[in-house]
Amino acid sequence: MVTPSVPELKPSSRLLLGPGPSMVHPRVLRAMSTPLLGHLDPEFLVIMNEVQAMLRAVFQTENAFTIAISGTGSAGMEAALVNVVEPGDTVVVGVNGVFGTRLADIVGRCGGNLVKLEAPWGQVFPPERIEEALKKEGKVKAVAVVHAETSTGAQQPLDGLGKLCHDRGALLVVDAVTSLGGLPVEVDRQEIDVCYSGTQKCLSCPPGLAPLTLSPRALEVVKARKHKVQSWYLDLSMIADYWAEGKRAYHHTAPISMVYALRESLRIVLEEGLAARFARHRRHSAALMAGLGELGCTPNAAEGHRLPSLNCVKTPPGVEEAPIRKALLTGADIEIGGGLGPLVGKVWRIGLMGESARQEHVLAVLAALEQALAGAGRSVKPGEALAAAAATYAA
Ligand SMILES: *Cc1c(COP(=O)(O)O)cnc(C)c1O
């Protein structure tokens, strides 16, 4: 056997402006490198309580059941659905992008009776469409929608949906992976029953945990299940005992360093304040979009429903998009995203999530795009996109 010779790890210093992961504050990286505690150490239990209290503040909820699932955002999605959906349950899912498609896939795997509402990628679901589906289907266990569709840049309006669902005995499940910490997610006011997120998007923490909160109404539904949850790892009845103060029954070993990281990232979110943080995301998105417009890009998502955290634009006509993205990565150390599914080759997705949403990053990516487009033979006046962004900042 040959012993492999592997050099020391020295990743490039990238500016992460893709659909996730986002930039991570040095304080979060420092927290991750602090010594491990045992996961049932009394000191660690205090840390879990602190994380829960801060998650409630960020989710804007009083829900006692507010935890972080071990796993990425998709684990949060899976936990949300496998605990709520039993075989034969009717679940209405809004599908207008990759993540709605994933929700629908999981409902099917749970043996649910999937009612798929579809909209073009970039459009959203008006409440009337959801109400219509609820009326038509009769007994519906849950309605699931994606608040921030990262594959299209569209923002699903949530106001009123919770009430609509509750009037007809259904739960409202919301994917807030690309919104939590970047735009308002008001779990209690919006009457959301199950809401999950991921650490690697607007919370600016590495991927690895999925914040999740359940309303008392959702907990009752989970408790009243006729069948055991088919996933042992994501069964909330057991995970609840692990997170419950006073119980802390061993279920699995929490990823200690990730919990440290989430604790620090939540401290940073709350130090800034939610309102200021949301305003910062909007400000930098407006400047970026102004600059992109100057380069011939047009927004993909419907007017009035555009995400500040994920700016999805159609590429300038006649431009091959992949070589430009490659030039950004290799020439300027900047990562942006391309399209998925029907949008492959047609869009750029520029994430301004958490720490990524900064003026210097907006200006850097616009300057790099100007240069890459000019390099590809487009007539781009140096500084024109930057000027448009600067004008927006000045306004
Ligand atoms: C990123 C994302 C997910 C999945 O999160 P992972 O961390 O990739 O598992 C789910 N929903 C939305 C809207 C996302 O943007």
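What counts and how
- Residues numbered from 1 in each chain as written.
- Predicted model: local features only at pLDDT ≥ 70, side-chain atom pairs only at ≥ 80, totals over all residues.
- Heavy atoms only, no water.
- Helix = DSSP H or I, 4+ residues; strand = E, 2+ residues; numbered from the N terminus.
- Rg over C-alpha atoms; globule rule 2.2 N^0.38 Å.
- Buried < 20%, exposed > 50% of the residue type's maximum accessible area, 1.4 Å probe, protein only.
- Contact = heavy atoms within 4.5 Å.
- Areas by Shrake-Rupley, 256 points an atom, 1.4 Å probe, with all protein chains shown as cover.
- Lys, Arg positive; Asp, Glu negative; His and termini not counted.
- Charge placed at Lys NZ, Arg CZ, Asp CG, Glu CD.
- Pairing = 2+ DSSP bridges.
- Right-handed = clockwise from strand over helix to strand, strands pointing away.
- Disulfide = S-S within 2.5 Å.
- Expected span 1.5 Å × (residues − 1).
- Axes fitted to C-alpha atoms, helices over the stretch in contact; angles between N-to-C directions.
- Near = heavy atom within 4 Å.
- Polar contact = N/O pair within 3.5 Å; in protein donor to acceptor, adjacent residues only side chain to side chain.
- Nonpolar A, V, L, I, M, F, W, Y, C, P; charged D, E, K, R; others polar.

Trainee: In this structure, what is going on with the overall build of the protein chain? I would like to understand it.
Mentor: What the protein chain contains, in helices and strands, is 13 helices and 14 strands. The C-alpha atoms of the protein chain give 22 Å as radius of gyration, which agrees with the globular expectation for 395 residues (21 Å, within 12%). Burial analysis of the protein chain (395 residues in total) assigns 55% to the buried set. Once local pairs closer than 6 in sequence are excluded, the contacts in the protein chain between residues at least 24 apart make up 72%. Per element, the accessible surface of the protein chain, about 16700 Å² overall, is 56% carbon and sulfur. Positive and negative charge centroids in the protein chain, built from 39 and 39 side chains respectively, lie 2 Å apart.

Trainee: I would appreciate a short explanation of the pairing of strand β3 (residues 90-95) in the present structure.
Mentor: A regular strand places its side chains so that they alternate between the two faces of the sheet. Burial analysis of β3 places 6 of its 6 residues in the buried class, the great majority of the element. Across the two faces of β3 the burial is the same, with Thr90, Val92 and Gly94 and Val91, Val93 and Val95 all buried. The sheet contact formed by β3 and strand β4 (residues 113-118) spans 6 bridges and is parallel. Within β4, the position partnered with Thr90 by the bridge is Asn113. Crossover connection from β3 via helix α4 (residues 98-109) to parallel β4: handedness right-handed.

Trainee: Looking at this model, I keep getting lost on the state of the cysteines. Mind explaining?
Mentor: Note: disulfide means a covalent bond formed between the sulfur atoms of two cysteine side chains. Taken as a whole, this structure holds 0 disulfides when the rule is applied. Cys312 takes part in no disulfide bond, and the closest cysteine sulfur, belonging to Cys297, lies 10 Å away. With relative accessibility at 4%, the residue Cys312 sits in the buried group.

Trainee: Please explain α4 as it appears in this structure.
Mentor: Side chains three or four residues apart in an α-helix point the same way, a direct result of the helix having 3.6 residues per turn. Compared with an ideal rise of 1.5 Å per residue, which puts 12 residues at 16 Å, α4 spans 17 Å between its outermost C-alpha atoms and is within 8% of the ideal. Within α4 the residues assigned to the buried category are Val98, Phe99, Gly100, Leu103, Ala104, Ile106 and Val107. Downstream of α4 by a residue or two, Gly111 has a phi angle that is positive, lying close to 80 degrees.

Trainee: Even after reading the chapter, I still don't get the sheet that holds strand β11 (residues 298-299), so can you show me in this structure?
Mentor: The 3 strands are arranged β11-β12-β14 in an open sheet whose pairing can be described as antiparallel. Strands with a single pairing partner mark the edges of an open sheet, and in this sheet they are β11 and β14 (347-351). Here 2 bridges tie β11 to strand β12 (residues 310-314), and the two strands are oriented antiparallel to one another. Bridging across to β12, Thr298 finds its partner in Lys314. Contacts between helix α10 (residues 274-294) and the sheet are confined to β11, β12 and β14, with β12 contributing the most and set at about 15 degrees to the helix.

Trainee: Explain the site of the ligand to me, please; I cannot follow it from the model alone.
Mentor: Lining the immediate surroundings of the ligand are 14 residues, of which Thr72, Ser74, Thr150, Gln200 and Lys201 lie closest. Measuring from a nitrogen atom of the ligand, one finds a side-chain N or O atom of Asp175 at 2.7 Å. Protein chains shield 90% of the accessible area of the ligand, which is 380 Å² for the free molecule. Looking at the shell around the ligand, the elements with two or more residues in it are α3 (73-84) and α4. Sort the elements by how many residues they give to the shell around the ligand and α3 lands first, with 3 residues. Here the shell around the ligand is built from residues that sort into 5 nonpolar, 6 polar and 3 charged.

All we've got here are geometric facts, nothing functional implied.
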